[in-house]
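Each chain, written out:
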Amino acid sequence: MTRMTHGLMLVLLAAIPTVGAATATKAQETGIYGVVRGGGSITPKQKIDVDDLSAAFPDDAKYKTGFTGQIGAGYDFGRFRIEQTLGYGKNELNAKDLTSSGFNGEGSTKSLSMTLAGYVDIPVTARIVPYVGGGVGAARVQTELTGSRIGSGQTSGFEGKDWGLMWHADAGIGVRMAPKTTLEVGVRYAQTSRLKYDGVNAAPKTSYEPKLSSVSGTVGVRHVF
C-alpha cells in the first residue's frame, strides 16, 4: 500500500469521530449536489503498441505519481446517484524507471476530461456509506514523449494533442458529516484510448496510438443544495 493510500485512510479515520451522534438520527438529504475531489494518480502508464518505438521505449512508459482532480454536479436519488464532472490530471515521465530498463527518456502528459457517471450507495450505517460506480466520456490529452535505448543512438518520440475515449470504474467510502454533506475517500481506475499522435523525427512519417491508464486515490466532498 502506498504512502498516499495510507494518508487517505488516515483522513477518513480521523473524520469519523467528528460526526455528531445527531447525524445518525437524521436522514441524508437527496437532490442536486456539487462535488469536488483531489488526489494523486498512483500508477499511471502509457502503453505503446508500436514496433517502431520498441527500440526507444519499453512496452509500458511509466509516469511518476501526479495530481488528479474533479469538480462537478449530480443528482442524488437516495441509493443511486448520477454525476457529471470535469477532471484534470498531469504526470511526468518516470525517467528512473526507464533507465533501470535500459532506456533514456523524458516527457509528460496532461489531460482535461468530461465524464458522465452513475453510482450506487450501500449504507452500512447511517454515517458510513460505501459506493461503487463508473462512467464514460471524453478526454483531451496533451503528450510529449522522447526516448532512446542506452547505447543505440536511436531516438523516437511523439507529441501533440488529441481527443480520446475515457472510461473509469470507482469505489470508495462516504462519511456523512451532516444531512447535506458527505466526505468521501475513493479509488478510481481510468483508461483513455483512441488517441493518435504524429511521430517526431520519424522517417517515414509515423503515427502512434498510445493507451493511457492509471489508478488514482482522492479525497472529496459532496454537498446537497
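On a predicted model such as this, the values are computed, not experimentally measured, just so you know.

Draft legend 1. Region of the structure containing the environment of Gly134. Turning to its location among the elements, Gly134 is positioned in strand β7 (residues 128–149). Once the C-alpha coordinates of Gly134 and Ala171 are considered, the two residues, 37 residues apart in sequence, prove to be 8.4 Å apart. The contacts of Gly134, once residues within four sequence positions are left out, are Leu116, Ala117, Gly118, Tyr119, His168, Ala169 and Asp170.

Draft legend 2. Main features of the nonpolar core. Within the largest apolar cluster, 14 residues are counted, with the highest numbers of intra-cluster contacts made by Leu93, Val141, Leu145, Phe158, Leu195 and Tyr197. Only β7 and β8 (155–178) provide two or more residues apiece to this core. With three residues, β7 is the largest single contributor of residues to this core. Setting aside anything within four residues of it in sequence, one finds Leu195 in contact with Val141, Asp162, Trp163, Gly164, Tyr208, Glu209, Pro210 and Leu212.

Draft legend 3. Layout of the environment of Val200. With respect to the element layout, Val200 can be found in the loop between β10 (197–199) and β11 (207–208). By relative accessible area, which is 27% here, Val200 ends up partly exposed. When the C-alpha positions of Val200 and Leu145 are compared, they lie 9.1 Å apart, and in sequence the two are 55 residues distant. Once residues lying within four places of it in the same chain are set aside, the contact partners of Val200 are Gly157, Phe158 and Glu159.

Draft legend 4. Fine view of the pairing of strand β9 (residues 181–193). Among the 13 residues in β9, 10 count as buried, and that is most of the element. By the bridge criterion, 13 bridges tie β8 to β9 in an arrangement that is antiparallel. Its bridge partner being in β9, Leu165 is matched across the sheet by Ser193. Hairpin connection of β8 to β9: two residues between the antiparallel strands. As defined by bridge partners, β9 adjoins strand β12 (residues 211–224) across 12 bridges and the pair is classed as antiparallel. Looking across to β12, one finds that Gln191 is bridged to Ser213.

Draft legend 5. Representation of the pattern of salt bridges within the structure. Per the stated rule, a full pass over the model turns up six salt bridges. With its nearest N and O atoms 2.9 Å apart, the salt bridge here joins Arg37 to Glu83. Linking Arg37 in strand β1 (residues 31–41) with Glu83 in strand β5 (residues 80–92), this pair joins segments that are 46 residues apart in sequence. In terms of burial, Arg37 and Glu83 fall into one category: buried.

Draft legend 6. Region of interest: the side chain of Glu184. Examined against the element boundaries, Glu184 turns out to sit in strand β9. We classify Glu184 as buried; its relative accessible area is 1%. At 2.6 Å, the side chain of Glu184 forms a polar contact with the side chain of Arg222. Setting aside anything within four residues of it in sequence, one finds Glu184 in contact with Arg37, Tyr131, Ile173, Gly174, Thr218, Val219, Gly220 and Arg222.

Draft legend 7. A look at a positive patch on the surface. A contiguous patch of positive charge on the surface is contributed by Lys90, Lys110, Arg140 and Lys161. Tracing the chain through its elements places Lys161 in strand β8.

Draft legend 8. Structural context of the packing of aromatic side chains. Tallied over the entire structure, the rule returns five aromatic pairs. Between Trp167 and Tyr189, the aromatic rings sit 5.6 Å apart at their centres with planes inclined by 55°, giving tilted as the arrangement. Here Trp167, found in strand β8, pairs with Tyr189, found in strand β9; they are 22 residues apart in sequence, far enough to count as distant. Residue classification places Trp167 among the partly exposed residues on the basis of a relative accessible area of 34%. On the basis of relative accessibility, which here comes to 31%, the residue Tyr189 falls in the partly exposed class. Taken together, the ring pairs connect Tyr75, Phe77 and Phe80 into an aromatic cluster. Stacked on the ring of Tyr131, the Lys or Arg Arg222 has its end atom at 6.0 Å from the ring centre.

What counts, and where the lines are drawn
- Residues numbered from 1 in each chain as written.
- Predicted model: local features only at pLDDT ≥ 70, side-chain atom pairs only at ≥ 80, totals over all residues.
- Heavy atoms only, no water.
- Helix = DSSP H or I, 4+ residues; strand = E, 2+ residues; numbered from the N terminus.
- Contact = heavy atoms within 4.5 Å.
- Core = buried A, V, L, I, M, F, W, Y, C linked by side-chain atoms within 4.5 Å.
- Buried < 20%, exposed > 50% of the residue type's maximum accessible area, 1.4 Å probe, protein only.
- Pairing = 2+ DSSP bridges.
- Salt bridge = Lys/Arg side-chain N within 4 Å of Asp/Glu carboxyl O.
- Polar contact = N/O pair within 3.5 Å; in protein donor to acceptor, adjacent residues only side chain to side chain.
- Patch = residues over 30% accessible without salt bridge, like charges linked within 9 Å, V, L, I, M, F, W, Y side chains within 5 Å.
- Areas by Shrake-Rupley, 256 points an atom, 1.4 Å probe, with all protein chains shown as cover.
- Lys, Arg positive; Asp, Glu negative; His and termini not counted.
- Charge placed at Lys NZ, Arg CZ, Asp CG, Glu CD.
- Phe/Tyr/Trp six-rings, centres within 6.5 Å; stacked < 30°, edge-to-face > 60°.
- Lys NZ or Arg CZ within 6 Å of the ring centre and 35° of its normal.

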